[in-house]
Amino acid sequence: MAIVRSEEEAEKIIEELMHKGNGKYITQSVLFKKDSPQQIELLKNVLMRSTSFGEYVRRVLINNLSNESNN
């Protein structure tokens, strides 16, 4: 996947997100359309494979970025 912004721009966004919320976490949303059978099937498969949606997504991202850097 192509880089769409600089590292400095990404760091600025993260800094803003860190100051935006009061909690301990930065939250990024994923929306699933209720009327899309493909998206609901995707959500179902993720929920079947993990007790935490967020943890599953983090693992997928780590694997994807790791594979991308190895190519």
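Data block above holds the structure.
Model, not experiment: these values are computed from the prediction. (Residues numbered from 1 in each chain as written. Predicted model: local features only at pLDDT ≥ 70, side-chain atom pairs only at ≥ 80, totals over all residues. Heavy atoms only, no water.)

A. Seen up close, a nonpolar patch on the surface. Among the surface-exposed residues, Ile14, Met18 and Ile26 lie close enough to one another that they form a single nonpolar patch of about 290 Å² accessible area. Assignment of secondary structure puts Ile14 in helix α1 (residues 7–20). In this structure Ile14 comes out as partly exposed when scored by relative accessible area, which is 44%. (Patch = residues over 30% accessible without salt bridge, like charges linked within 9 Å, V, L, I, M, F, W, Y side chains within 5 Å. Areas by Shrake-Rupley, 256 points an atom, 1.4 Å probe, with all protein chains shown as cover. Salt bridge = Lys/Arg side-chain N within 4 Å of Asp/Glu carboxyl O. Helix = DSSP H or I, 4+ residues; strand = E, 2+ residues; numbered from the N terminus. Buried < 20%, exposed > 50% of the residue type's maximum accessible area, 1.4 Å probe, protein only.)

B. Quick look at the packing of aromatic side chains. Applying the stated criterion to the full structure yields 1 aromatic pair. Where Phe32 meets Phe53, the ring centres are 5.8 Å apart and the plane angle is 85°; that geometry is what we call edge-to-face. Of this pair, Phe32 sits in the loop between α1 and α2 (37–49) while Phe53 sits in helix α3 (residues 53–70), and the two are 21 residues apart along the sequence. Note on Phe32: relative accessible area 23%, which makes it partly exposed. (Phe/Tyr/Trp six-rings, centres within 6.5 Å; stacked < 30°, edge-to-face > 60°.)

C. Spatial organisation of the pattern of salt bridges. All chains considered together, the criterion is met by 2 salt bridges. Between Glu41 and Lys44 there is a salt bridge, with the nearest N and O atoms lying 3.3 Å from each other. Remark: Lys44 and Glu41 occur in helix α2; sequence separation between them is 3 residues, near one turn of the helix. Arg58 is the salt-bridge partner of Glu55, the closest N and O atoms lying 3.1 Å from each other. Residue Glu55 and its partner Arg58 are located together in helix α3, separated by 3 residues, close to a single helical turn.

D. Local environment of a negative patch on the surface. On the surface, a cluster of negative charge is made up of Glu7, Glu8, Glu9 and Glu11. By the element assignment, Glu9 lies in helix α1. (Lys, Arg positive; Asp, Glu negative; His and termini not counted. Charge placed at Lys NZ, Arg CZ, Asp CG, Glu CD.)

E. Layout of the packing of α2 against α3. As a packed pair, α2 and α3 sit with axes 9 Å apart at the nearest point and diverge in direction by 95°. Regarding the angle of α2 to α3, the classification is roughly perpendicular. From α2, Leu43, Val46 and Arg49 reach across to α3, where they touch Phe53, Tyr56 and Arg59. Along the lines of polarity and charge, the residues of the contact of α2 with α3 split into 4 nonpolar, no polar and 2 charged. (Axes fitted to C-alpha atoms, helices over the stretch in contact; angles between N-to-C directions. Parallel < 35°, antiparallel > 145°, perpendicular 65-115°, else oblique. Contact = heavy atoms within 4.5 Å. Nonpolar A, V, L, I, M, F, W, Y, C, P; charged D, E, K, R; others polar.)

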